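Coordinate analysis (summary)
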Amino acid sequence: MPAIEPLCKLIGTNPSHFTKEENLLIEADLFVRICEEIKGIFREKYQNYFGLIRYGKEKENAMLDANFAKLIIQDILSTEEYNLHGIILYTNTCEDVIQDIIEGRNVNPSSNFLRRIIELHRMVRSDLYHAIFKKIAGQFSTAA
């Protein structure tokens, strides 16, 4: 299911009411908002680490950006619903690429990989994404 459908359900609209271009723009905006919310969750999770290192917000953001895919993979693995082989199959990515991401050698994976890994993360952490969608829907409804 495209990411836009749960949001449309929450705000009481139908994605078919929008043109293809409008749907793409909404989905791109939604993708950015979801990534920012997930980074916020990781920021809270690693708050003690950031406090010890005394990173400023700018360095924290750079660290979260550089490790975003790695943190998502680690979170998927922590659920034990997927192992590394399952992630490889789902994302249709070779093991070396994923290993490079996990080890921090690849901090800029392809957009296709990032989309697929977030899609998988959304499946294994559906409760988290439901809360994120509700928050984003609230932002959309107050902006209207």
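Relevant structure appears above.
Summary of the structure given here. Nothing here was measured: the structure is a model prediction, and the numbers come from that model.

Our focus in this paragraph is the overall build of the protein chain. Of the regular secondary structure elements, the protein chain holds nine helices and zero strands. Ordering the α and β elements of the protein chain from the N terminus gives α-α-α-α-α-α-α-α-α. Within the protein chain, the fraction of its 144 residues that count as buried is 35%. Taking the intrachain contacts of the protein chain between residues at least 6 apart in sequence as the baseline, contacts between residues at least 24 apart amount to 64%.

Attention now goes to a nonpolar patch on the surface. Nonpolar side chains collect at one region of the surface, where Tyr49, Leu52 and Ile53 lie side by side and expose about 320 Å² of accessible area between them. Checked against the element boundaries, Leu52 lands in helix α3 (residues 47-53). The exposure class of Leu52 is exposed, given its relative accessible area of 70%.

Moving on, we come to the pattern of salt bridges. By the definition in use, this model includes 11 salt bridges. Note that Asp29 and Arg33 form a salt bridge whose closest N and O atoms lie 2.7 Å from each other. Here Arg33 and Asp29 lie together in helix α2 (residues 20-45), a separation of four residues that amounts to about one turn. Judged by relative accessible area, Asp29 falls into the partly exposed class, the value being 30%. Arg33 gets classed as partly exposed once you look at its relative accessible area, which sits at 28%. For the salt bridge of Glu60 with Arg43, the shortest nitrogen-to-oxygen distance reads 2.8 Å. Of this pair, Glu60 sits in helix α4 (residues 57-66) while Arg43 is found in helix α2, placing the two residues 17 residues apart along the sequence. Within the structure, one salt-bridge network assembled from shared partners comprises Glu36, Lys39 and Asp65.

What follows concerns unusual backbone geometry. The phi torsion at Glu80 lies on the positive side, around 65 degrees, for a residue other than glycine. Structurally, the position occupied by Glu80 is in the loop between α5 (68-79) and α6 (84-91). Classification of Glu80 as exposed rests on a relative accessible area of 71%. Positive phi, close to 55 degrees, is recorded for Asn92, a residue that is not glycine.

Moving on, we get to the packing of aromatic side chains. Inspection of the entire model under this criterion finds one aromatic pair. A centroid spacing of 6.4 Å and a plane angle of 75 degrees characterise the contact between Tyr82 and Tyr90, whose relative ring orientation is edge-to-face. Lying over the aromatic face of Phe68, Lys39 brings its terminal NZ or CZ to 5.7 Å of the ring centre. Over the aromatic face of Tyr90 sits the side chain of Arg116, whose NZ or CZ is 4.3 Å from the ring centroid.

Conventions we followed
- Residues numbered from 1 in each chain as written.
- Predicted model: local features only at pLDDT ≥ 70, side-chain atom pairs only at ≥ 80, totals over all residues.
- Heavy atoms only, no water.
- Helix = DSSP H or I, 4+ residues; strand = E, 2+ residues; numbered from the N terminus.
- Buried < 20%, exposed > 50% of the residue type's maximum accessible area, 1.4 Å probe, protein only.
- Contact = heavy atoms within 4.5 Å.
- Patch = residues over 30% accessible without salt bridge, like charges linked within 9 Å, V, L, I, M, F, W, Y side chains within 5 Å.
- Areas by Shrake-Rupley, 256 points an atom, 1.4 Å probe, with all protein chains shown as cover.
- Salt bridge = Lys/Arg side-chain N within 4 Å of Asp/Glu carboxyl O.
- Phe/Tyr/Trp six-rings, centres within 6.5 Å; stacked < 30°, edge-to-face > 60°.
- Lys NZ or Arg CZ within 6 Å of the ring centre and 35° of its normal.

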